[in-house]
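One letter stands for each residue in the lines below.
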Amino acid sequence: MAVDKHTARWRVVGHSVRGATHERAGVPNQDAIHWLPESSAGLPLILAVADGHGSHKSFRSETGARLAVETAAQVINDFLLGQAQTESLSVTKRAAEEWLPAALTRRWLAAVSAHLAAHPLVADELKLAPDIHGTSRSDAPSNPPVVYGTTILAAAVTTGFIIYLQLGDGEILTVSKEGAVTRPLSKDERLFANETTSLCSPDAWRDFRVCFQVVSNAPPSLILLCTDGYSNSFHDEQGFLKVGTDILDMIRADGLEMVNEHLASWLTESTYAGSGDDVTLGLILNQDEERHASVEHEV
Amino acid sequence: MSMRPGGELATRPLHFIWMADCSGSMDVDGKIQSLNTAIKEAIPNMQTVADENPNAQVLVRAIKFSSGAQWHVSQPTEVADFRWEDLTAEGVTDMGKALTMVAEQLRIPPMTERALPPVLVLISDGQPTDDYASGLKALMGEPWGRKAVRIAIAIGEDADTEVLQKFIGNPELKPLQANNPEALVKYIKWVSTAVLKSASSPASQTSDSATPGMNVPIPVLPESVPASADDVW
Amino acid sequence: MSQLLEAGQKIRTEATGLTCEVLKFLGGGGQGEVYAARVEGKPVALKWYYAASATIEQRKRLETLCAMGAPSSKFLWPVELASAQGVADYGYLMALREARYKSIVDMMKRRIEPSFHALATVGLELSHSFLQLHARGLCYRDISFGNAFFDPDTGEVLICDNDNVTVDSQAKGGVYGTPRFMAPEIVRGDAVPSSQTDLFSLSVLLFYMFMMHHPLEGKKELEIKCLDLPAMKKLYGTEPLFIFDPADKSNAPDATHQKNALVFWAIYPKFLRELFTKAFTEGLRDPLHGRVRESNWRASMVRLRDSIIYCGHCKAENFYDADAHASAKNVQSRCWSCKRGLHPPPRLRIARSEVMLNHNAQLFPHHVDDERKYDFTQPLATVTRHPTEPDIWGLKNLSRQNWSATNTRGEVKDVLPGRSVTLAVGTRINFGRAEGEITS
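So, how was this worked out
Residues numbered from 1 in each chain as written. Chains lettered and ligands numbered in written order. Predicted model: local features only at pLDDT ≥ 70, side-chain atom pairs only at ≥ 80, totals over all residues. Heavy atoms only, no water. Helix = DSSP H or I, 4+ residues; strand = E, 2+ residues; numbered from the N terminus. Rg over C-alpha atoms; globule rule 2.2 N^0.38 Å. Buried < 20%, exposed > 50% of the residue type's maximum accessible area, 1.4 Å probe, protein only. Contact = heavy atoms within 4.5 Å. Pairing = 2+ DSSP bridges. Axes fitted to C-alpha atoms, helices over the stretch in contact; angles between N-to-C directions. Polar contact = N/O pair within 3.5 Å; in protein donor to acceptor, adjacent residues only side chain to side chain. Phe/Tyr/Trp six-rings, centres within 6.5 Å; stacked < 30°, edge-to-face > 60°. Expected span 1.5 Å × (residues − 1). Salt bridge = Lys/Arg side-chain N within 4 Å of Asp/Glu carboxyl O. Parallel < 35°, antiparallel > 145°, perpendicular 65-115°, else oblique. Nonpolar A, V, L, I, M, F, W, Y, C, P; charged D, E, K, R; others polar. pLDDT = per-residue confidence, 0-100.

Draft legend 1. Local environment of the overall build of chain C. Within chain C one finds 13 helices and 23 strands. Taking 2.2 N^0.38 as the reference for a compact globule, 440 residues should give roughly 22 Å; the C-alpha atoms of chain C span a radius of gyration of 25 Å, in line with that estimate. Relative to its full complement of 440 residues, chain C shows a buried share of 56%. A fraction of 57% describes how many contacts in chain C between residues 6 or more apart in sequence connect residues 24 or more apart.

Draft legend 2. The arrangement of the overall build of chain A in detail. Within chain A, the secondary structure is distributed over eleven helices and ten strands. The buried share of chain A, taken over its 299 residues, is 63%. The long-range share in chain A, meaning contacts at least 24 apart out of those at least 6 apart in sequence, stands at 75%.

Draft legend 3. Main features of the sheet that holds strand 7 (residues 181-182) of chain A. Residue and element names in this part refer to chain A. Across the sheet, which stays open at both edges, the five strands sit in the order 1-10-9-6-7 with antiparallel pairing between neighbours. The open sheet has two edge strands, strand 1 (10-17) and strand 7, and neither has a second partner. Sheet contacts for helix 9 (residues 237-254): strand 6 (171-175), strand 7, strand 9 (222-226) and strand 10 (279-286); angle to strand 9, the most-contacted strand, approximately 135°. Together, strand 1 and strand 10 form the strand contacts of helix 10 (residues 256-273), whose direction differs from that of strand 1 by roughly 25°.

Draft legend 4. Quick peek at the environment of B:Trp84. Residues and elements named next belong to chain B. Looking at the secondary structure, you find Trp84 in the loop between strand 3 (68-78) and helix 2 (95-105). For Trp84, a relative accessible area of 9% puts it in the buried group. Considering only alpha carbons, one finds Trp84 and Pro128, 44 residues apart in sequence, at a separation of 25 Å. Setting aside chain neighbours within four positions, we find Trp84 in contact with Trp18, Asn36, Ile39, Lys40, Ile43, Ala62 and His72. At a separation of 2.9 Å, a polar atom in the side chain of Trp84 contacts the side chain of Asn36.

Draft legend 5. Summary view of the packing of aromatic side chains. Residue and element names in this part refer to chain A. Using the criterion set out here, one finds 32 aromatic pairs over all chains in the structure. When the centroid spacing of 6.0 Å and the interplanar angle of 20° are considered together, the rings of Phe79 and Trp99 count as stacked. Of the two residues, Phe79 is situated in helix 2 (residues 61-83) and Trp99 in the loop between helix 3 (89-98) and helix 4 (100-118); the sequence distance between them amounts to 20 residues. Considered together, Phe79 and Trp99 belong to a single accessibility category, that of buried residues.

Draft legend 6. Local environment of helix 2 of chain A. The terminal C-alpha atoms of helix 2 of chain A, which comprises 23 residues, lie 32 Å apart, in line with the 33 Å expected from a rise of 1.5 Å per residue. Most of helix 2 of chain A sits out of view: 18 of its 23 residues are buried.

Draft legend 7. Broad picture of unusual backbone geometry. Along the chain, A:Leu36 connects to A:Pro37 via a cis peptide bond; the corresponding omega equals -5°. Within the secondary structure, A:Pro37 sits in the loop between strand 2 (31-36) and strand 3 (45-51). Cis geometry marks the peptide bond from B:Ile108 to B:Pro109, where omega comes out at -5°. Topologically, B:Pro109 is positioned in the loop between helix 2 and strand 4 (119-124). Here the phi dihedral of C:Lys315 falls at roughly 75°; this positive angle occurs in a residue that is not glycine.

Draft legend 8. Main features of the pattern of salt bridges. As enumerated under the stated definition, the model contains 36 salt bridges over all chains in all. Between B:Asp125 and B:Lys31 there is a salt bridge, and its shortest N-O distance comes to 3.0 Å. With a gap of 94 residues between them, B:Asp125 in the loop between strand 4 and helix 3 (132-140) and B:Lys31 in helix 1 (residues 31-52) connect regions that are remote in the sequence. Residue B:Asp125 is classed as buried on the basis of its relative accessible area of 3%. In this structure, the salt-bridge partner of C:Arg100 is C:Glu98, at a minimum N-O distance of 3.2 Å. Its relative accessible area of 31% is what places C:Arg100 among the partly exposed residues. One salt-bridge network, held together by shared partners, links C:Glu98, C:Arg100, C:Asp151 and C:Glu156.

Draft legend 9. A look at the side chain of B:Glu142. Within the secondary structure, B:Glu142 sits in the loop between helix 3 and helix 4 (143-147). With near-sequence residues (within four places) excluded, B:Glu142 lies in contact with B:Ala103, B:Leu106 and B:Arg107.

Draft legend 10. Spotlight on the pairing of strand 6 (residues 91-94) of chain C. Residue and element names in this part refer to chain C. Alternating residues of strand 6 divide into Gly91 and Leu93 and Tyr92 and Met94, and every residue in both groups is buried. In terms of strand pairing, strand 4 (residues 42-49) meets strand 6 through four bridges, oriented antiparallel. Each residue of the ladder has a partner; that of Ala45, found in strand 6, is Met94. The sheet contact formed by strand 5 (residues 80-83) and strand 6 spans three bridges and is antiparallel.

Draft legend 11. Geometry of the packing of helix 9 of chain A against helix 10 of chain A. Residue and element names in this part refer to chain A. Where helix 9 meets helix 10, the closest approach of the two axes is 8 Å, and the angle between their N-to-C directions is 135°. Between helix 9 and helix 10, the interaxial angle falls into the category oblique. Along its contact with helix 9, which presents Ile247, Met250, Ile251 and Asp254, the element helix 10 presents Leu256, Met258, Val259 and Trp266. For the contact of helix 9 with helix 10, a count of residues per class yields seven nonpolar, no polar and one charged.

Draft legend 12. Main features of the side chain of A:Ser90. Position of A:Ser90 relative to the elements: it lies in helix 3. Classification of A:Ser90 as buried rests on a relative accessible area of 13%. Not counting residues up to four positions away in its chain, the partners in contact with A:Ser90 are C:Gly30, C:Gln31 and C:Thr178.

Draft legend 13. Representation of the confidence of the model for chain A within the structure. All names here are of chain A. Per-chain confidence: chain A averages 85 in pLDDT, with 87% of residues scoring 70 or above. Considering only residues more than four positions removed or in separate chains, one finds that residues 129-142, a stretch of pLDDT under 50, has 23 contacts. A low-confidence stretch, residues 293-299 stays under pLDDT 50, and its non-local contacts, those more than four residues away or across chains, total three contacts.

Shown next as structure tokens:
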């Protein structure tokens, strides 16, 4: 069965900045970002972003986040290669919705176990200050995944479709050619007031949200992934969604490289003036959008 | 291209609400004066915490309850501008009303979704004299009510700690028992520093599900049907 | 983000020639996109195909389906084809699905937590509906999570995505389903979809609903590093093995990663486990004679629902396993959730049914009248508590007929509509066309 394909080229850029609060406290950046291919161009293109919980129970969450983005990108990459021979998009869609979350979770859990085996918990890690609710620290050694607890967001672009997946808080936005900003994944009402679903929760595969978007004649121009430190830095929802349209306009005017160069300073400004949290933003650009910019710069 | 994309940036609001019992019994043994002093002493500490956590915008309010309930400081006030007018004590203990009024303020709007979890500090020396349970239900009916950090300070031996425990809603956290002015000052200070600090930069929490058990009536066979009981009714 | 149609766009219905206005993009699948739309002021849903799926064959199939009409109101069926000048391809109109219906995906994602009572009702309505579909000479072909919707409170079912339904044994070409739900003979390429293969898919769907896990995905599934076509073909087609196969444990569920299967399997009564075992042992190997038939599932779902009991401590639904009790009379069963002892209520035995008389139990025409089997429309009896003596429970007559009750002393009394008869061991109740006895 023939599958619609589009012919655009795609590129990914992104950056992560340690939060103002963490700078002051001497805590490392617990967000992570990763993409494949490492050259940042070519299909299939996969971007993953993660936000380590950073709570007293999840004291290795920056490692957890790093492992999450690396394993997510790899698992999705392998999945896409494996699905290349399937005849129908429905098969791939169902596999993406039903198999991928569980496979991703298992691979992360395996990576976490391997890390823990190679780096057992030290006395300092077990002696962390109790939080105001005085909950016992007894579940730290007996439930290793909690120690590495993190969220995970990912987007993967292929010639025939785009997969968006998310576990926990954070935002995924798509911007159309006309500048309309939408969320491909429906909101999860459980994510409220800093409470999040997590890769370390039992049965985490059930908490994933997946969207499989067949690409026919109008793929998005821009896809954004960010951790909630970024979205929480804006005064309101509209202010945050405007990021999508603004960045697309900037890319059309000045090209992706210019935007990439400014990312670090924008994110730094956001955390200092906004949420104080670690801030990570990744962008996948449909390079058809850049054509007029590059044409203008031709000598 | 120095303009940052997106709209206005803003720090996250953190609402801190003192809920003080001003019933007649608080006048005995200078309890209300101790409370006033403790809160006033705490303000500079709150200021320090706020300065150290610039990404949380601490906004303080206070509600008092005795016969009825009233906002003592009704506008969310930045700590730098927060002034404490002494409370006086007289009347009964309409705690339920205070809870209901706080619940109304925790609705969205006026609250927003991106706020930090609010901190509610309930201070009482006695028993509620009104429908306390409906007030608590209203509070817990609001998502921000459920997510709020709820602390309770019991002043003196006559305080109803069971009611305060229900307000806290977390079996691992007990009401703080203040039986003398020093203890009260200590607890108020703790709430306005350690608790405030922790609430200012909360880490993400994964939820634990707790399912309180409930009894369900199960039809039983009568051990022996009394002779007088009708078979059909 | 929709790609095919836009809000405000106008499409024409082919048979009736009316204008349909596109309102809002609702979602997209592998074959097309669905929109909320309006025809003559009335809200409808409009599905529009991607170019690659908008084949002549699919069009013909839709024409047949529109002409036939739905087997029952439980199917959200294509109503009419739609197209427009200057717009590529075509689509079709159908009713909008009400918001109260959620899919099994919602259950898997923990957005809804239906009770066992609701699930048994879903199982009953699904089996009943598929029986009706097959009785019409049609086959579904593409049963999966995405098509079965239900109301989590009542268990009422709505079967969607019916545009791949075909006349039985004419199903060549088009969608064959997804490997996880397809019968092994189709995965292997040895057969095309038919009502026999539908039976397999139905059993997978039911297993998934009750066990929150796939029947063929045990240890062997964990060994797959890369889910590609050869791997899927092997797991679901050439070497399928039930995770609870009594003779071969090599595909048993892993205790860490596949816990749901183990936890839930232990909760259900023996008769249900035996039925699933048959479905995935004989049912795997013998498409013609080995599969569990819809009428069998249907009867089992009613039996399952009637055997629900409640834990007096934590309120969780458990099941009264008559077979287990028969073989071990003095062993007290424990609640699967809180582990404390279960105290089953009295039971009513009528003909071949056994109904647990819980505080909320109800009897329907199905239970008391052989001519009205599977009639669950209106309850004709409900368990009730004595208004002044809380220790006395009764069965209230909600029907329009008199019953007569005979107590253990042999006394016969009338139970007029609206009255209740005390639940006592040995009491027999005559409902008109059937008689039941209360036992403990």
